[in-house]
There are 2 protein chains.
Amino acid sequence: MDQIPILKIGNVLLVTIQIDIHDRLALALQDSLTNRIAQTGARGVIIDISAVEMVDSFIGRVFANVAAMSRILDAETVLVGMRPEVAITIVELGMSLHGVRTALNVDKGLALLADLLKSPIEEETHDLTES
Amino acid sequence: MDQIPILKIGNVLLVTIQIDIHDRLALALQDSLTNRIAQTGARGVIIDISAVEMVDSFIGRVFANVAAMSRILDAETVLVGMRPEVAITIVELGMSLHGVRTALNVDKGLALLADLLKSPIEEETHDLTES
């Protein structure tokens with residue numbers, strides 16, 4: 001298997017990482033995710049890493065890059081399902097995961113995305129009713 | 001990696017199969033799926049096989065079994081993302097996939113499940129308004 005499937009659920013792309021990702025696969029994921037965002041106009045990306053037992057600094061940087069690239073393409077990225085030991089490693093290694101939002105599981109990630117994507121529109125409609 | 005992650009999205013469980021599943025893994029999946037349905041009270045199961053290049057008769061039977069077990073536990077199963085060549089193999093091998101619903105992708109699978117789960121309730125409310 002040379003590619004991680006990207007599932008589309010409404011306007012959210014969902015990726016479940018099931019194998020301990022090596023560097024080339026992480027870069028391939030970064031490419032295919034950004035392409036799928038551009039193709040589908042998705043507004044959110046959820047990366048599930050509940051099966052991932054180890055995140056090193058390279059993979060951490062790939063996640064941060066995916067989040068930055070997605071944001072330029074107008075999509076928010078949420079990392080979900082992180083194991084406690086992975087969280088410990090990330091802090092102990094001093095990795096920042098800059099710009100990457102996290103949630104406990106896919107359900108909470110979807111709720112977070114719904115909130116993030118809803119709020120600007122709500123503010124707009126609020127302005128309309130006031131004027 | 002000895003287990004396939006099962007994601008919960010609302011009242012639906014989502015499994016993405018990314019590796020060519022061997023027999024023991026298929027049986028493990030069957031066990032963990034039925035357990036998760038019982039634990040979570042999920043009403044639907046979506047199995048994404050877009051990354052699966054080959055389905056043999058054993059795996060086909062496991063899918064049919066998962067669907068039958070889920071139904072007893074009050075959940076519908078939808079197989080999504082089947083590759084055309086897999087569909088060809090299934091027909092040519094004379095496999096039946098009895099009781100397994102299919103959809104083109106996760107979005108359509110979710111829509112199918114929403115329809116399936118909604119209709120009995122709608123009929124009930126319809127009866128109520130008539131009486």
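This text follows the structure it describes.
Model, not experiment: these values are computed from the prediction. (Residues numbered from 1 in each chain as written. Chains lettered and ligands numbered in written order. Predicted model: local features only at pLDDT ≥ 70, side-chain atom pairs only at ≥ 80, totals over all residues. Heavy atoms only, no water.)

This brings us to helix H2 (residues 57–72) of chain A. In an α-helix, one full turn covers 3.6 residues, which means residues spaced three or four apart are oriented alike. All names here are of chain A. For H2, with 16 residues, the first-to-last C-alpha span of 23 Å sits near the 22 Å given by 1.5 Å per residue. When we look at burial in H2, the residues that qualify are Ile59, Gly60, Val62, Phe63, Ala64, Val66, Ala67 and Ser70. The secondary structure elements touched by the buried residues of H2 are helix H1 (23–40), strand E3 (44–48) and strand E4 (76–80). In this structure Asp56 caps H2, since a side-chain oxygen of it lies 3.2 Å from the backbone nitrogen of Phe58. Within two residues after H2, Asp74 carries a phi angle of roughly 70°, on the positive side. (Helix = DSSP H or I, 4+ residues; strand = E, 2+ residues; numbered from the N terminus. Expected span 1.5 Å × (residues − 1). Buried < 20%, exposed > 50% of the residue type's maximum accessible area, 1.4 Å probe, protein only. Contact = heavy atoms within 4.5 Å. Polar contact = N/O pair within 3.5 Å; in protein donor to acceptor, adjacent residues only side chain to side chain.)

All names here are of chain B. The sheet built from five strands is open, its strands ordered E1-E2-E3-E4-E5 with mixed pairing. Each edge of the open sheet carries a strand with a single partner, namely strand E1 (6–9) and strand E5 (101–103). Strand-to-strand twist across the sheet, computed as the mean angle between neighbouring axes with direction ignored, equals 25°. Two strands pair when backbone bridges link them, and E1 and strand E2 (residues 12–16) are joined in this way by four bridges, in the antiparallel orientation. Opposite Leu7, over in E2, you have Leu14 as the bridge partner. Here helix H1 (residues 23–40) sits on the sheet in contact with E1, E2 and strand E3 (44–48), set at roughly 160° to E2. Strands E3 and strand E4 (76–80) of the sheet are contacted by helix H2 (residues 57–72), whose axis makes an angle of about 150° with E4. (Pairing = 2+ DSSP bridges. Axes fitted to C-alpha atoms, helices over the stretch in contact; angles between N-to-C directions.)

To continue, consider the interface of chain A and chain B. Listed as interface residues are 18 residues of chain A and, on the opposing side, 18 residues of chain B. When chain A packs against chain B, the two sides together hide about 1,700 Å² of surface, and 62% of this comes from carbon and sulfur. On inspection of chain A and its partner chain B, the count reaches two salt bridges. Between Asp107(A) and Lys8(B) there is a salt bridge, with the nearest N and O atoms lying 3.0 Å from each other. Remark: the boundary between chain A and chain B carries six residue pairs in polar contact (both at pLDDT 80 or more). Within the residue set of the side of chain A that touches chain B, elements represented by two or more residues are strand E1 (6–9), strand E2 (12–16) and helix H4 (106–130) of chain A. Here the residues of the side of chain A that touches chain B sort into ten nonpolar, four polar and four charged. (Buried area = accessible area lost by both parts, 1.4 Å probe. Salt bridge = Lys/Arg side-chain N within 4 Å of Asp/Glu carboxyl O. Nonpolar A, V, L, I, M, F, W, Y, C, P; charged D, E, K, R; others polar.)

Through backbone hydrogen bonds, the strands of a sheet pair up, either in parallel or in antiparallel fashion. Residues and elements named next belong to chain A. In spatial order, the strands read E1-E2-E3-E4-E5; together these five strands make up an open sheet with mixed pairing. The outermost strands of the open sheet, each flanked by one partner alone, are E1 and strand E5 (101–103). Neighbour to neighbour, the strand axes of the sheet diverge by 25° on average, direction disregarded. Bridge count between E3 and E4: five bridges; the pairing is parallel. Across the sheet, the residue bridging to Ile47 is Leu79, located in E4. Packed on one face of the sheet, H1 meets E1, E2 and E3 and runs near 160° to E2.

So, about the relation of the copies chain A and chain B. Mapping chain A onto chain B is achieved by rotating through 180° and translating by 0.0 Å along the same axis, at an RMSD of 0.0 Å. Expressed as a symmetry operation, the mapping of one chain copy onto the other fits a two-fold axis. Both copies contact each other with a shared surface, as 100% of the interface residues of chain A are interface residues in chain B too. (Least-squares fit on C-alpha atoms with pLDDT ≥ 70 in both.)

Take the side chain of Ser32(A) next. Along the chain, the position of Ser32(A) falls in helix H1. Those residues in contact with Ser32(A), other than ones at most four positions away along the chain, are Gln3(A) and Ile6(A).

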